[in-house]
Amino acid sequence: MMKSWISCVLFCFALGSQANAFEDLMDRARWKSFGVENWLEFDPSERALPSRAPVQTEEWKIPRDTSSVAQLKSLIALAEAGPKHYNAVHVSARTKTPKRPTQMTLGEIDRWTRATPGQPHAIGRYQFIPSTLRSLTRRAGYSGDTIFSPQVQDRLADLLLIDAGINRFAAGKLSRAQFMDNLALIWAGLPKRDGKSAYHNFAGNRATISRAVYEREMARIFQ
């Protein structure tokens with residue numbers, strides 16, 4: 001039943017307002033040039049380029065953890081991170097991290113971000129952009145000394161799933177199509193109903209999987 005697969009994402013976090021979260025994402029996406037004083041908060045260039053090339057369907061593999069939420073996160077990672085998974089850094093970042101992201105603390109990632117302005121900084125399996133990562137870090141109660149481990153990345157992604165309405169979807173209060181569009185507002189590699197990324201008009205950004213593949217896999221995951 002729906003309640004069984006959703007239980008693994010119910011953490012003791014404040015849920016916040018998902019409407020505000022989506023408005024915040026769209027506000028950030030509207031910036032078309034770098035030129036704002038507080039660039040780390042508004043990161044106007046962070047979604048300027050896709051984080052990976054279009055995905056080949058054969059890359060999709062069902063994860064060893066076959067729970068619905070794990071499969072959903074694996075599908076998101078397919079669209080976002082590519083083969084480097086938890087150690088992915090945005091393909092257009094000219095200055096890469098000094099070591100593998102999973103070996104870095106959240107504080108080290110923040111310092112790398114501040115030291116390399118003017119380039120995309122999406123990082124990890126879910127391609128967290130700087131302001132999103134900082135917000136999730138606060139919400140999760142993590143310190144700068146927390147290692148950006150696979151477990152930490154997964155837990156931060158769970159917060160974004162909550163923002164997208166996964167609990168409402170599980171309760172039958174949100175359609176699958178709307179939930180998919182909500183996810184597409186958070187992850188640029190996922191297509192909305194028109195087949196395009198929510199950030200399609202920004203510097204050539206585009207979805208990395210087709211809507212047909214997205215719909216097929218979501219239907220399979222959440223039968």
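Everything discussed here concerns the structure shown above.
Reading guide: rules and limits
- Residues numbered from 1 in each chain as written.
- Predicted model: local features only at pLDDT ≥ 70, side-chain atom pairs only at ≥ 80, totals over all residues.
- Heavy atoms only, no water.
- Buried < 20%, exposed > 50% of the residue type's maximum accessible area, 1.4 Å probe, protein only.
- Helix = DSSP H or I, 4+ residues; strand = E, 2+ residues; numbered from the N terminus.
- Salt bridge = Lys/Arg side-chain N within 4 Å of Asp/Glu carboxyl O.
- Contact = heavy atoms within 4.5 Å.
- Phe/Tyr/Trp six-rings, centres within 6.5 Å; stacked < 30°, edge-to-face > 60°.

### Focus: helix H9 (residues 176-186)
- Buried residues dominate H9, accounting for eight of its 11 residues.
- Among the residues making up H9, those that are buried are Phe-179, Met-180, Asp-181, Asn-182, Leu-183, Ala-184, Leu-185 and Ile-186.

### As for the pattern of salt bridges
- Applying the stated criterion to the full structure yields 10 salt bridges.
- Glu-215 serves as the salt-bridge partner of Arg-211, at 3.2 Å between the closest nitrogen and oxygen. Taken together, the residues span about one helical turn, with Arg-211 and Glu-215 both in helix H10 (residues 211-221) at a distance of four residues.
- Judged by relative accessible area, which is 9%, Arg-211 ranks as buried.
- Looking at Glu-215, the relative accessible area reads 38%, which means it is partly exposed.
- As a salt-bridge pair, Arg-216 and Glu-217 come within 2.9 Å of each other at their nearest N and O atoms.
- Linked by salt bridges that have partners in common, Asp-181, Arg-193, Arg-211 and Glu-215 make up one network.

### Considerations on the environment of Ala-177
- Assignment of secondary structure puts Ala-177 in helix H9.
- Among the residues examined, Ala-177 registers a relative accessible area of 27% and is labelled partly exposed.
- Separated by 38 residues in sequence, Ala-177 and Glu-215 place their C-alpha atoms 8.2 Å apart.
- Every residue in contact with Ala-177, bar those within four places of it in the chain, is listed here: Arg-193 and Arg-211.

### Side note on the packing of aromatic side chains
- Within this structure, the stated rule accounts for five aromatic pairs.
- Centroid distance Phe-169 to Phe-222: 5.3 Å. Interplanar angle 85 degrees. Geometry classified as edge-to-face. Placement of Phe-169 in helix H8 (residues 166-170) and of Phe-222 in the segment after H10 is noted, with a sequence separation of 53 residues between them. Taken as a pair, Phe-169 and Phe-222 share a single burial class, namely buried.
- Ring pairing ties together the aromatic residues Tyr-126, Phe-128, Phe-148 and Trp-187, which thus form one cluster.

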